[in-house]
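Residue-level listing of the chains:
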Number of protein chains: 2
Amino acid sequence: MNATTARNSRIHVVVLGGGFAGLAACRRLDDPRVQVTLIDRQNHHLFQPLLYQVATAGLAAPDIAQPLRHIFSDQENVTTLMDDVKRVDLDARRVELGHGSPLTYDYLVIGLGARTGYFGHDEWIRHAPGLKTLAEATHLRRELLLAFERAETASDPAERDRLLNFVVVGGGPTGVETAGALAELARRVLVDDFRRIDPGRAHVHLIEAAPKLLTMFTPEQSDYTRRRLEKMGVTVHLNAPVSEVGKGYVVAGGKRFESSVTIWAAGVEGSPVTRTLAGAPLDRGGRVQVSPDLSLPGRREVFAAGDVVLLTDVNGVRVPGVAPAATQMGRHVAEQILADINQAERAAFAYRDKGSMATIGRSTAVAKVFGMHWTGLPAWLLWMSVHLVFLMGMRNRIGVFLSWIWSYCRWQRGARIIVDTREPVPDELVKR
Amino acid sequence: MNATTARNSRIHVVVLGGGFAGLAACRRLDDPRVQVTLIDRQNHHLFQPLLYQVATAGLAAPDIAQPLRHIFSDQENVTTLMDDVKRVDLDARRVELGHGSPLTYDYLVIGLGARTGYFGHDEWIRHAPGLKTLAEATHLRRELLLAFERAETASDPAERDRLLNFVVVGGGPTGVETAGALAELARRVLVDDFRRIDPGRAHVHLIEAAPKLLTMFTPEQSDYTRRRLEKMGVTVHLNAPVSEVGKGYVVAGGKRFESSVTIWAAGVEGSPVTRTLAGAPLDRGGRVQVSPDLSLPGRREVFAAGDVVLLTDVNGVRVPGVAPAATQMGRHVAEQILADINQAERAAFAYRDKGSMATIGRSTAVAKVFGMHWTGLPAWLLWMSVHLVFLMGMRNRIGVFLSWIWSYCRWQRGARIIVDTREPVPDELVKR
């Protein structure tokens, strides 16, 4: 067969993970000399920055996801496989999969991302799920909406009060955004819809171990964020490291917080697949330490990119775990592979910081871009525009934009739906 | 407390079920002399006629659902409780709930709807889920999309072929609509997105026990439907009653069909709660037989409305299990309660048939309305307009309308997302 012959004479690049890094690598490898196989255990690319809006009933799950194979519909040299990566055999240059036959590669790109980290307390996951996948976000949406429903049916007033306590752990962008969206959900969106309870009396606690929120922003912006959140009804607890998480409670900074739903946005660690990379240098969290060109030390044909990487770049900048950094790394890796093919020199990766932003709530956000520090409405409009531009697919952009306009004008959220009322099976829930 | 006093002096109507019947009853009971408690085990009203589009990845779950308590946000006399109805004690006039305290009533409206019926073979549910709830629709969407993904990763060609066989049981509107949407998904939407399989070679079988599809339509329309479906790639099997359903296969009309996903759209039966109505006359399927005014014989304070009812109306018309009939019954029940309060006479229910319609695929449908029989594009445009008008909530209307336009112009579907890749636990799945 011609196709097979053509394929066999091409360089075969296997890309693990269809996040920002994997996607950028695949796109940049649109070259007839290269055959790409993209593996992801999900069938979609997920726009993680808006995941908190799925969890807080603002957006539907499909709004922020795009089928991976549809993204590469027109790029003939990419084959997408939905499969689990079981193990990577670096010596045999082979990837072992959960369903399909093993794949051998000429080049391997590891873009498996990060998962929620619990600082060695993996048992906490059962009581405090993270916010990294659509399954987690829709699970949290269900738990949050159910808490209000259960409070409305509860006959015991103490039980009602208990059900309306929510704890968000972690004062980074995800924690801030989730806490803000949750406070608005209770105080504005739901406020007229109940007869027996007052959803506005819900308590949202945001817990952070450090002395300030959003450590990557200026002290003024961190302080602005705290004040805005408190005005919106969030109680912010700084210098409060979590020491215990159990069913219905969190202990942090020596204080015990009742919590009917706890959301963990406090730490990340590398994908567990990295543990199978015999000989690759990992940090404690399982993230891969790479050479300046993003290849594994001593393995020129294996690269890592995105949140799975721990890297201080050639300019001495610690590369943050954000979408633009992952995209830049993915593209850089593809360029090194093409450089090899063209018998050109490889280059060291240099991170270009385009800025950071975090939304707090309606009409308010903080941003550091173009060398300037923004707060309030301008930052919020900037945040919305940037997120719409980087969201994949015109259909999703239109859908999210309309949802936002609708929410803004009507104080409503379109995804206040509990899809599945059956109790989840705990062990299924925490399978990682 | 004033509220309690006012409430106690009002007539308390308990409405079981927030489907079309329950919703219509609650709305018509917007009267200061009445206090309404609406119980549903879901937190939303579901627009079931579009459920097949959620199952076939055309719409997101929140697009066709509306939170019940939000619907009654402005109707102060309605309290909405999300709870399971465990048992109705007709003598004590009491409803027992899964979570909350029991409720006593002056009037009871049973609008619990129908669930999928398996003609006495409840064990088939495990292999052939129905299409009545969002949980079922999102489960089917997952199974359908996974079948294509698994076929793409499969190394055995026989396994690939097997995975691309789908069986829809039941040639009524839901079966026809699902089979048509599934054929279009495989042959048009997915066709360019795979590299190893040709999704266009998927087999969709539509199986019906009767000698024609859509029995409520004219023979010409039934025949038109069959021909259109076959042109779209659906293989229609008439006179083929199902005798066996197992993992991966269906036996019907003496023939065995391989099936990686089987969808059951063949029968309905009443809610199991009706079995707790001691003394109420039920048919074999658990549906309630009511007096002409829709009250239970000998129980003037208990009414039933919607799909849970088995009724030949005052004009000798057998009332069908469709949304307009449920709405008319719900409204009629509310009017009888108000008639009692006004010390007026009760009236017998008379069904006003507004027509029927079923969509087949892109630009093609059949309809019987205004005394005329429509097929093709005019019927399809009529079908779309009517469904948009009856869909609850302007936000959902806009969202669904845009999804349809996008699908029409781009041959795409916006909800091709597998939210949860973890295997469902079989016993959780079939819990009813």
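Residues numbered from 1 in each chain as written. Chains lettered and ligands numbered in written order. Predicted model: local features only at pLDDT ≥ 70, side-chain atom pairs only at ≥ 80, totals over all residues.

1. As for the overall build of chain A
Then step 1. Counting secondary structure elements, chain A contains 12 helices and 25 strands.
Then step 2. At 22 Å, chain A has a C-alpha radius of gyration in line with the 22 Å of a compact globule built from 432 residues.
Then step 3. Taking the principal axes of the C-alpha coordinates as reference, chain A spans close to 70 × 50 × 40 Å. (Helix = DSSP H or I, 4+ residues; strand = E, 2+ residues; numbered from the N terminus. Rg over C-alpha atoms; globule rule 2.2 N^0.38 Å.)

2. Re the pairing of strand 5 (residues 78–82) of chain B
Residue and element names in this part refer to chain B.
Then step 1. The element strand 5 is extensively covered by neighbouring structure, given that four of its five residues are classed as buried.
Then step 2. When strand 2 (residues 34–40) meets strand 5, the two strands line up parallel, connected through five bridges. The residue bridging V36 from the neighbouring strand is V78, located in strand 5. (Buried ≥ 20, exposed ≤ 12 C-beta atoms within 10 Å, placed from the backbone. Pairing = 2+ DSSP bridges.)

3. Overview of the interface of chain B and chain A
Then step 1. If you look at the interface, chain B gives 49 residues, while chain A gives 49 residues.
Then step 2. Among the secondary structure elements, those contributing two or more residues to the side of chain B that touches chain A are strand 4 (65–67), helix 4 (68–71), strand 5, helix 5 (134–153) and helix 11 (394–410) of chain B.
Then step 3. Its residues placed into classes, the side of chain B that touches chain A shows 19 nonpolar, 15 polar and 15 charged. (Contact = placed C-beta atoms within 7 Å. Nonpolar A, V, L, I, M, F, W, Y, C, P; charged D, E, K, R; others polar.)

4. Focus on helix 8 (residues 219–231) of chain A
Residue and element names in this part refer to chain A.
Then step 1. With 13 residues, helix 8 should reach 18 Å at 1.5 Å per residue; the first-to-last C-alpha distance of 18 Å fits that figure.
Then step 2. Among the residues making up helix 8, those that are buried are Q221, S222, Y224, T225, R226, R228 and L229.
Then step 3. Buried residues in helix 8 make contact with helix 7 (173–189), strand 12 (203–207), strand 13 (234–237), strand 23 (356–361), strand 24 (364–369) and strand 25 (372–375).
Then step 4. Immediately beyond the C-terminal end of helix 8, within one or two residues, lies G233, with a positive phi of roughly 105°. (Expected span 1.5 Å × (residues − 1).)

5. Regarding unusual backbone geometry
Then step 1. The phi dihedral of F119(A) falls on the positive side, at around 50°, and the residue is not glycine.
Then step 2. Relative to the assigned elements, F119(A) resides in the loop between strand 10 (114–116) and helix 5 (134–153).
Then step 3. Of note, the phi angle at A57(B) is positive, near 70°, even though the residue is not glycine.
Then step 4. With respect to the element layout, A57(B) can be found in the loop between helix 3 (51–55) and strand 4.
Then step 5. A count of 27 C-beta atoms within 10 Å places A57(B) in the buried class.

6. Some words on the domain arrangement of chain A
Then step 1. When the domains of chain A are assigned, the result is domain 1 (2–41 + 83–116 + 269–341) and domain 2 (122–266 + 355–429).
Then step 2. A straight line from the C-alpha centre of domain 1 of chain A to that of domain 2 of chain A covers 32 Å. (Domains from an automatic or database assignment.)

7. Considering the nonpolar core
Note that soluble globular proteins tend to have their nonpolar side chains buried in a common cluster.
Then step 1. If you look at the biggest cluster of nonpolar residues, it comprises 158 residues, and the most contacted ones within it are V169(A), V204(A), V366(A), V169(B) and V366(B).
Then step 2. V169(A) has contacts with A128(A), G175(A), I207(A), V242(A), V250(A), T262(A), I263(A), W264(A), A265(A) and A266(A), leaving out every residue within four places of it along the chain.
Then step 3. Residues A25(A), V308(A), V322(A) and M329(A) belong to the second largest nonpolar core, which totals 57 residues. (Core = buried A, V, L, I, M, F, W, Y, C linked by C-beta atoms within 7 Å.)

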